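This is what each chain is made of:
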Amino acid sequence: MSKGHTVDRIVASIARRRARETRLKWAGFMAVAVTLALLALLLGSIVALGWRAFQQTYLALDVYFDPQVIAPDGRLDEESLRQADYESLVRQALRELFPQVEGRTQQRMLYRLVSSGGADYLSHMVLADPRLIGTRQRVWLPASSDVDMFAKGQTGAQRAASLQPWIDHLLAQGRIEKRFNKTFFTAGDSREPELAGILGALSGSFYTIGLTLLLSFPLGVAAAVYLEEFAPKKNFWVDLIEVNINNLAAVPSIVFGLLGLAVFLNAFALPRSTPLVGALVLTLMTLPTIIITSRVSLQAVPPWIREAALGVGASKMQMVLHHVLPLALPGMLTGAIIGTARALGETAPLLMIGMVAFIVDIPRGLLDPATVLPVQIYLWADSAERGFVERAAAAILVLLVFMLLMNALAIFLRRHFERRW
Amino acid sequence: MPNPPSTPAELSLPATQAVLESAARDRLDQLPAAIGDYTVPEPRLTCRGVNVFYGEKQAIFNVNLDIGQREVIALIGPSGCGKSTFLRCLNRMNDTIEGCRVEGEIKLDGVDIYHDGLDPVILRARVGMVFQKPNPFPKSIYDNVAYGPRIHGLARNRTELDEIVEDSLRKAGLWEEVKDRLDQPGTGLSGGQQQRLCIARAIAVNPEVLLMDEPCSALDPIATATIEQLIDELRTQYSIVIVTHNMQQAARVSQRTAYFHLGRLIEIGPTAKIFTNPRHPLTEDYITGRFG
């Protein structure tokens, strides 16, 4: 075989190799492009639907704080002020605005312009400042969901269509305004979309996830340290535990929910629907993940660190605590936070332990009934009213921001604790 | 005694090695125990009938060896001859290896380190170790040296600890180079400096014996020369057992040399004698460079 001949073959094969390389590069590039496009589509549709929920329509009414209605018997203590019939003040103001509306049916339609939360709003005003009684004030009250939808261009609703002449009249007078929806971030769940907020679910998630992290991280790290550093190798029981942990990581989450229902609720009789039980269930679910990632981080600590520590006479515990654990901690934290972020998005196991209930009050502790963000999204997305659908999308945005923050924290912690060796 | 068979061209490499090994083993089995006097007056460490097994495989066969006070003893031999394994028996570093079993008796000042319930932690404080690859902790230079004294409670206060750190770094010949940057990471030093830092860390707990497992194999010639000079100085205070692949190094730093082959101690004697007048043919083959 002549030399020239060999070179020719290599040149020919290089052209083939180059072509293959280019194809592989493009295939990878296309895969990334498709992924990004799908992600953009998903986020785009959620944002397009959800951003509307961050705005709420308000109506301006001239409310006369009628002393006859608020304090018919002249008592001005807090209790009687709280129990006064503010609803009729709103109705009175609406009737004054549209004097031509007559008949019970028509009037009832008219009252539907303003959210049923409007009365609460007036009650808060009066309690904050009783001197308002007897005066006439222009008050901005949240519009009902129908009006809100109409103002946002969702004309599909039948009921809204019949309200149209009144809305046009209000628009002409400059009595309709879209404002930032503070209620969405300060209120709990409600039957009325315009009064429903995310704070209940958000604090439920906060308590649940916080306790999950608090329980699962120390347990997971301790288990990983034992299995990796102290447990005998090639032991039947250790192997059995290892196989089971790996299998548990792949168990569908609803199974953990059923386990929680059977054990925590039925056997231990812990209170239903509480962050405590939710956190226990999610801890069971995240533990395998944390144990596995922690063991991988422990294995990644170079063996000569251990030898160096033992060589100067450190006991095994000192070797682990002083040298191995600090080096493995960044990886463990990352694993724990990513595991917990997954738990944050978990719905199924929490449905089984009753965190799916309709809860208006904002939970103040681990033993208050609560729901969590993903369950709240599920509940709202399941509702027929348009107002809830856009709130579900807004809640998804809040959940995504929460998750982004957690992942950012994971990256920050890893960078912060990472040491070069 | 015939030389090892010359390599037949048609044999693959592992097959050739197998032939060589079995030939060497045949010769070993015909020979008596180690040539040379393995005892010393007033030994620090005495090893008698040491066998080491990795699972089923025996790595060390019936080794008898004394390590005297204030001497440097070099362990030499071809790769895989068990010299590092033997070294790691002396501070029970082999305990960390799963399936490793040590038989026989190894006594430190008359106390059996394997059978008399001696805590490995105490043993390792008395028998320090320097490893092949410089392995400072990813901590500051100060903390590297102070770690041993801290965990063993050797310093009552910060001043004493400062003294120990300075003293150890001076003994390791590193003080002048690092005294202004004790808070800098130890991993930021050069390879030779890192190895001297590791020596300082080992002597900070004031051990009686210092084990060195090929301490210069990852270093350049200049750093090697510095470490060799340091070993010579440390000899005045410690017993030093050094494993080395470099025969010139063994000749330069040690007073006695032990030659290992396939897990057996073949020959032991004063370094000068081993290198100028080896009595065992295997030793001669090795130091004249016929294999290894």
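Residues numbered from 1 in each chain as written. Chains lettered and ligands numbered in written order. Predicted model: local features only at pLDDT ≥ 70, side-chain atom pairs only at ≥ 80, totals over all residues. Heavy atoms only, no water.

Looking now at the overall build of chain A. The secondary structure content of chain A amounts to 18 helices and three strands. Its C-alpha atoms give chain A a radius of gyration of 31 Å, clearly above 22 Å, the size a compact globule of 421 residues would have. Taking the principal axes of its C-alpha atoms as reference, chain A extends roughly 105 × 65 × 35 Å. Considering chain A as a whole, with its 421 residues, one finds that 44% of them fall into the buried category. A separation of at least 24 residues holds for 77% of the contacts in chain A among residues at least 6 apart in sequence. As presented, chain A carries roughly 22000 Å² of accessible surface, and 63% of it is formed by carbon and sulfur atoms. (Helix = DSSP H or I, 4+ residues; strand = E, 2+ residues; numbered from the N terminus. Rg over C-alpha atoms; globule rule 2.2 N^0.38 Å. Buried < 20%, exposed > 50% of the residue type's maximum accessible area, 1.4 Å probe, protein only. Contact = heavy atoms within 4.5 Å. Areas by Shrake-Rupley, 256 points an atom, 1.4 Å probe, with all protein chains shown as cover.)

The subject of this paragraph is the layout of surface pockets. Roughly 610 Å³ of volume is contained in the second largest pocket. What lines the second largest pocket is a set of 23 residues, and nearest its centre among them are E229, L310, K316 and M319 of chain A together with T96 of chain B. Here the lining of the second largest pocket gets four residues from one element, more than from any other, and that element is helix α14 (residues 303-311) of chain A. Taken together, the residues of the lining of the second largest pocket break down into 11 nonpolar, three polar and nine charged. (1 Å grid on protein atoms, 1.4 Å probe; cavity = no way out; pocket = protein on both sides within 12 Å on 5 of 7 lines; lining within 4 Å. Points joined across faces, edges and corners; volume = space filled by probe spheres on them. Nonpolar A, V, L, I, M, F, W, Y, C, P; charged D, E, K, R; others polar.)

Residue and element names in this part refer to chain B. For the coordinates displayed, the defined rule picks out zero disulfides over all chains. Distance from the sulfur of C100, which forms no disulfide, to the nearest cysteine sulfur (C89) is 6.3 Å. In this structure C198 is not part of a disulfide, and its nearest cysteine sulfur, from C216, lies 12 Å away. Overall, C198 belongs to the buried group, its relative accessible area being 2%. (Disulfide = S-S within 2.5 Å.)

To continue, consider the pairing of strand β3 (residues 72-76) of chain B. Residues and elements named next belong to chain B. Burial runs high along β3: five of the five residues are buried. The two faces of β3 match: V72, A74 and I76 on one face and I73 and L75 on the other face are all buried. Bridge count for β3 against strand β8 (residues 239-243) is four bridges, and the pairing is parallel. In the strand pairing of β8, L75 is matched with V243. Of the pairings in the sheet, the one linking β3 to strand β9 (residues 256-261) comprises four bridges and is parallel in character. Considered in β9, the bridge of A74 is made with T257. (Pairing = 2+ DSSP bridges.)

Right, let's talk about the nonpolar core for a bit. A general feature of soluble globular proteins is that nonpolar side chains tend to end up buried together. L75, F86, L90, I106 and V241 of chain B are the most contacted members of the largest nonpolar core, which totals 102 residues. No other element matches helix α15 (residues 316-344) of chain A, which puts 12 residues into this core. In this view, I106 of chain B contacts L45, T46, C47, V50, C89, L90, V111, D112, I113 and Y114 of chain B; residues no more than four positions away in its chain are not counted. Counting 44 residues, the second-largest nonpolar core is a separate cluster that includes I164, V165, L189 and A250 of chain B. (Core = buried A, V, L, I, M, F, W, Y, C linked by side-chain atoms within 4.5 Å.)

Looking now at the sheet that holds β9 of chain B. Residue and element names in this part refer to chain B. Read across the sheet, six strands follow the order β6-β7-β8-β3-β9-β10 without closing on themselves; strand pairing throughout is mixed. This sheet does not close on itself; its edge strands, each paired only once, are β6 (127-130) and β10 (264-270). Averaged over all pairs of adjacent strands, the angle between their axes in this sheet comes to 20 degrees, without regard to strand direction. Helix α8 (residues 221-234) rests against β3, β7 (209-213) and β8 of the sheet, and its axis sits at about 150 degrees to β8. (Axes fitted to C-alpha atoms, helices over the stretch in contact; angles between N-to-C directions.)

Residues and elements named next belong to chain A. Relative to each other, helix α11 (residues 236-248) and helix α13 (residues 275-300) sit at 120 degrees, their axes nearing to 8 Å. Between α11 and α13, the crossing angle belongs to the class labelled oblique. Of the two possible hands of crossing, α11 and α13 adopt the one that is left-handed. Every residue of α13 that contacts α11 at E242, I245, N246 and L248 is listed here: P288, I291, I292 and R295. Looking at the contact of α11 with α13 residue by residue, the classes come out as five nonpolar, one polar and two charged. (Parallel < 35°, antiparallel > 145°, perpendicular 65-115°, else oblique. Left-handed = near helix turned anticlockwise from the far one by under 90°.)

Quick look at the confidence of the model for chain B now. Residue and element names in this part refer to chain B. Per-chain confidence: chain B averages 86 in pLDDT, with 88% of residues scoring 70 or above. Within chain B, the lowest mean pLDDT, 60, falls on helix α1 (residues 13-30), and the highest, 95, falls on β8. With pLDDT under 50 throughout, residues 1-11 is counted as low confidence; its partners more than four residues away or in other chains account for 14 contacts. (pLDDT = per-residue confidence, 0-100.)

Our focus in this paragraph is the interface of chain A and chain B. The extent of an interface is frequently quoted as the accessible surface area lost upon association of the parts. Each side of the interface is counted separately: chain A has 19 residues, and chain B has 23 residues. The largest per-residue losses of area from chain A upon contact with chain B belong to W304, E307 and V312 of chain A, which jointly make up 31% of the total buried on that side. Where chain A meets chain B, there are one salt bridge. Put simply, chain A and chain B have five residue pairs in polar contact (both at pLDDT 80 or more) between them. Listing elements by their share of the side of chain A that touches chain B, those giving two or more residues are α14 and α15 of chain A. Counting residues per element, the side of chain A that touches chain B draws most heavily on α14 of chain A, at seven residues. Looking at the side of chain A that touches chain B, its residues break down into nine nonpolar, six polar and four charged. (Buried area = accessible area lost by both parts, 1.4 Å probe. Salt bridge = Lys/Arg side-chain N within 4 Å of Asp/Glu carboxyl O. Polar contact = N/O pair within 3.5 Å; in protein donor to acceptor, adjacent residues only side chain to side chain.)

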